[in-house]
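Okay, here's what each chain looks like letter by letter:
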Amino acid sequence: MQLRVVGDQPWDVPADVLVVPIVGQPAFEGPLGELNKRAGGELAAMAAFGEFKSDRYATVLAASGELAAGRVLAISAGEPDAITRQVIVRLGSTVERRLAGRTVRSMAVWLSDLGAHVQGGAEAVAELVARGVVEGQFEPATIYRTDYKGAPPELDELILVAPGANSAALLNAAERGVIIGEGANLARRLDNRAANDVTPEVLAGEARALAEKYGLSIDVLDPARAAELGMGMFLAVGSGSDNPPRMIVLRSGAEGAKDAAGRRLALIGKGVCFDSGGISIKPAASMEEMKMDKTGACTVIAAITTVARLAPGTPLTVIAPAVENMPGSHSARPGDIVKAMNGKTVDIINTDAEGRLILGDALCYAEKLGATHMVDIATLTGAVVRALGDQMTGAFGTPQAWYDEVATAGERAGERYWQLPMIEEYRPGLDSHYADFTNTGPADGGIIRSALFLREFTTVPWVHLDIAGTAYFRKKTPYAPAGATGVSHATLVELALTGAIRSA
Ligand code: BES
Ligand code: MN
Ligand code: ZN
């Protein structure tokens, strides 16, 4: 897809479709008034008809009168006060998805005065819209089919229309947005793939191919090496499947180097290629979703490739423990006692609380490799889905200053996080008669305990993102299909880029 930024007035830009954002209930004055006049009054007529009173992301496709573009696609951006960076990304995704199945080669998006609503102004809007359009192109229905007709159009050209702006700066920003969007889609595509397709070994193979393509170093630990390193929790979860576990390690930057922010950052992603629950087996309903229990792994693998594209050489480590959680004669049983890499003993009272087990060993290994700052990302608990739903990721971290840095990256990325507390009084809920602690406890406050468990395997600044609710949509929205959302990819990229050695 070719990107262009033009300083022409929107009515003069030739394209198959011209996208016009409608903020609030506009008066159709100024440039929007002029555009409306040249479109034969169509926009104002639609507004009077009530088309833009409905929700944000409502769209109307109309004839274009005397405009140079073939069609007008007006989209409601909602009330001005509610416009956020996320809304701008989603405006881009929505218009792209709205054109699914249509013949569209070139789409022009008038940035209008959206820049007045977000930090970074028009440049930020260029980046976020471009990222949104790319994310809008993602269609899981094409992963296993070649004849699907309803996919969003593959554009030859995306034109950002910004009269009077610095087009070079906007183009740069938009290119960054495209690369971040492509990274999110890479994560989503891997994530949506089925468990009979993407085993831990296949995921490691995908990581290998990406490492080669983007000049990353890679190390994949097999069970024998994991055993030498004492990763008893990771091995216990992986033991139930004929598809053996793999600890995938990707790195960029010079060996041992700190990044420009003085950190050795490690991103750790839960890679459960299928979570049946193991011997503590899950109910049948919705179990098929558990092929996406590898979202964290897909996200961190994609994130390091995106960082390599935007700022090659940035010191960064990614660890993705990949397993299948299956019942079988070699599975861990409830009550099994295992030893973690840091020597702590764990009483596995529920084999379905497997994510924290593989992450615990991965966090220890990240520190062994020299990590000074860590973020783990995981579809960890059903409780976070109930508490926050699919729009807000639950997050924990310590110390607070490190949490705040991650949260700031999240704001730049246009993603939503809600910090949850690590309540010390709930720690005894993990007490075990036999081991240092159990892997789960009473249901009440269980989400807090999931973080307290992970904390046992960290000694450096650490943040935990529970994306069980936000990793994938169960129903489609105007801005995304059902399936993997790519959530937190942009946040992790922004976080890593604060340590870019060269500017990005
Ligand atoms: N992968 C699940 C969490 C999950 C649930 C992700 C729903 C996405 C949607 C995780 O491994 C799990 O099974 N968690 C259990 C933990 C419990 C046994 C302590 C849960 O939350 O029910
Ligand atoms: Mn589970
Ligand atoms: Zn799981």
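Overview of the structure. Just so it is clear, the structure is predicted and the values come from calculations on it, not from any experiment.

## Some words on the coordination of the zinc ion (ligand 3)
Binding of the zinc ion (ligand 3) to the protein goes through K270 (NZ), D275 (OD), D293 (OD) and E354 (OE), at separations of 2.0 to 2.4 Å. Of note is the zinc ion (ligand 3), whose 6 donor atoms meet at the metal with angles of 78 to 173° in an arrangement that counts as octahedral. Sequence spacing of the donor residues for the zinc ion (ligand 3), all on one chain, is K-x4-D-x17-D-x60-E. In this structure, the zinc ion (ligand 3) lies 3.2 Å from the manganese ion (ligand 2), and both are coordinated by D275. Of this pair, D275 sits in strand β10 (residues 271-275) while D293 sits in the loop between β10 and α9 (295-310), placing them 18 residues apart in sequence. Across the pair, exposure class does not vary: D275 and D293 are buried alike.

## Some details on the site of ligand 1
Contacts to ligand 1 come from 17 residues, most closely from K282, D293, D352, E354 and G382. With respect to ligand 1, the side chain of D275 contributes an N or O atom lying 2.9 Å from an oxygen atom. Within the complex, the protein chains bury 81% of what would otherwise be the 520 Å² of accessible surface of ligand 1. Among the residues making up the shell around ligand 1, the classes are represented as 4 nonpolar, 5 polar and 8 charged.

## Brief notes about unusual backbone geometry
A cis geometry characterises the amide bond from T398 onward to P399, with omega recorded as -5°. With respect to the helices, strands and loops of the structure, P399 is situated in the loop between β15 (393-398) and α12 (400-413). Backbone geometry at F28 places phi at a positive 55°, although glycine is not the residue there. For F28, the position within the fold is in the loop between β2 (17-23) and α1 (30-38). The phi dihedral of S112 is positive, around 50°, even though this residue is not glycine. Its relative accessible area of 33% is what places S112 among the partly exposed residues.

Criteria and thresholds
- Residues numbered from 1 in each chain as written.
- Chains lettered and ligands numbered in written order.
- Predicted model: local features only at pLDDT ≥ 70, side-chain atom pairs only at ≥ 80, totals over all residues.
- Heavy atoms only, no water.
- Donors = N, O, S within 2.8 Å, 3.2 Å for Na, K, Ca; no water.
- Tetrahedral: all angles 85-135°; square planar, octahedral: opposite > 155°, others 65-115°.
- Helix = DSSP H or I, 4+ residues; strand = E, 2+ residues; numbered from the N terminus.
- Buried < 20%, exposed > 50% of the residue type's maximum accessible area, 1.4 Å probe, protein only.
- Near = heavy atom within 4 Å.
- Polar contact = N/O pair within 3.5 Å; in protein donor to acceptor, adjacent residues only side chain to side chain.
- Areas by Shrake-Rupley, 256 points an atom, 1.4 Å probe, with all protein chains shown as cover.
- Nonpolar A, V, L, I, M, F, W, Y, C, P; charged D, E, K, R; others polar.

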